[in-house]
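Summary of the model geometry
Each chain, letter by letter, is given below.
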Amino acid sequence: MKPILRSYLIEVNVGNTAPGQGQNISFQDYPQLRDIFLCGIIAQDSGQISKSPSGKTVVTTLVDATVTLMDKYNSEVIFQYPAYDLNPADQSGFYRDFVPFPIQLTKSYLTILNSATYSANQSFIFNILYYTAKDAAMFGKNK
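Residues numbered from 1 in each chain as written. Predicted model: local features only at pLDDT ≥ 70, side-chain atom pairs only at ≥ 80, totals over all residues. Heavy atoms only, no water.

**Considering the overall build of the protein chain**
Scanning the protein chain for helices and strands turns up one helix and nine strands. Against the compact-globule benchmark of 15 Å for 143 residues, the protein chain has a radius of gyration of 15 Å, which places it among compact chains. Taken over the C-alpha atoms alone, the protein chain extends approximately 45 × 30 × 25 Å along its principal axes. Sorting the 143 residues of the protein chain into buried and exposed places 43% on the buried side. Long-range contacts, defined as pairs at least 24 residues apart, comprise 76% of the intrachain contacts of the protein chain with a sequence gap of at least 6. (Helix = DSSP H or I, 4+ residues; strand = E, 2+ residues; numbered from the N terminus. Rg over C-alpha atoms; globule rule 2.2 N^0.38 Å. Buried < 20%, exposed > 50% of the residue type's maximum accessible area, 1.4 Å probe, protein only. Contact = heavy atoms within 4.5 Å.)

Right under this line is the structure:
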């Protein structure tokens, strides 16, 4: 695991109706996370955070959902990665770090694998671990 340089908590809400099997739910736009290099991600369920920043109930499990992360060239760098595997509480305290890439968050999405697992208005919580181009220049990171 690499040291965390920057982290930003984001929320992905499933919407006002229960999600259907195979449904993709896009990540929202966070201006602070534009033009960044993703180097890791952490997913958390209600065992770590019970309410989202917007006051929604956090999902009780990360089983039955996958994450696809797109780069700024519209390539699926991380494709249908099990969300469960992104929770350090389920992985002996380890978080997933990646070879850094320029993420395009608004093209990234969750896929629901079992519609019975999640309810309307629940939220997924992620910590995005990243650095900026300025950080890369300062610390000599490769882009």
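**Quick word on the sheet that holds strand β6 (residues 76-82)**
In space, the four strands of this open sheet follow the order β2-β8-β5-β6, with antiparallel pairing throughout. Edge positions in the sheet fall to β2 (24-26) and β6, since each of these pairs with one other strand and no more. Sheet twist, expressed as the mean angle between neighbouring strand axes with direction ignored, is 20°. For strand β5 (residues 65-70) and strand β8 (residues 109-112), the ladder comprises four bridges, and the chain directions are antiparallel. Looking across to β8, one finds that Thr68 is bridged to Tyr109. (Pairing = 2+ DSSP bridges. Axes fitted to C-alpha atoms, helices over the stretch in contact; angles between N-to-C directions.)

**Let's talk about the nonpolar core**
Ranked by internal contacts, the top residues of the largest apolar core, which has 30 residues, are Phe27, Leu69, Phe124 and Phe126. Among the secondary structure elements, those contributing two or more residues to this core are β1 (6-13), β3 (36-44), β5, β7 (96-102), β8 and β9 (122-132). One finds Cys39, Ile42, Leu129 and Tyr131 within the second-largest nonpolar core, a separate group that totals seven residues. (Core = buried A, V, L, I, M, F, W, Y, C linked by side-chain atoms within 4.5 Å.)

**Regarding the pairing of β9**
Counted residue by residue, β9 has ten buried out of eleven residues, so it is predominantly covered. Sheet analysis places β3 next to β9, joined by eight bridges and oriented antiparallel. Across the sheet, Gly40 pairs through a bridge with Leu129, a residue of β9. Taken together, the two bridges between strand β4 (residues 57-58) and β9 define a ladder with parallel strand orientation. Bridging across to β9, Thr57 finds its partner in Gln122.

**Digging into a nonpolar patch on the surface**
Where nonpolar side chains cluster on the molecular surface, the patch consists of Leu5, Met138 and Phe139 and spans about 320 Å² of accessible area. Looking at the element boundaries, Met138 is found in helix α1 (residues 133-139). Taking relative accessible area as the criterion, Met138 reaches 53% and is therefore assigned exposed. (Patch = residues over 30% accessible without salt bridge, like charges linked within 9 Å, V, L, I, M, F, W, Y side chains within 5 Å. Areas by Shrake-Rupley, 256 points an atom, 1.4 Å probe, with all protein chains shown as cover. Salt bridge = Lys/Arg side-chain N within 4 Å of Asp/Glu carboxyl O.)

**Structural notes on the pattern of salt bridges**
Within this structure, the stated rule accounts for three salt bridges. Where Asp135 meets Arg6, a salt bridge forms, and the shortest distance between an N and an O atom there is 2.5 Å. One end of the pair, Asp135, is in helix α1; the other, Arg6, is in strand β1, with 129 residues separating them in the sequence. Judged by relative accessible area, which is 3%, Asp135 ranks as buried. Among the salt bridges present, the one from Asp29 reaches Arg34, with a minimum N-O distance of 2.4 Å.

**Remarks on unusual backbone geometry**
You will see that Gln80, though not glycine, has its phi angle at about 45°, which is positive. Looking at where Gln80 falls in the secondary structure, it is placed in strand β6. Accessibility expressed as a relative area gives 41% for Gln80, which makes it partly exposed. Of note in the backbone geometry, Asn121 takes a positive phi value of approximately 65° without being a glycine. Its location among the elements puts Asn121 in the loop between β8 and β9.

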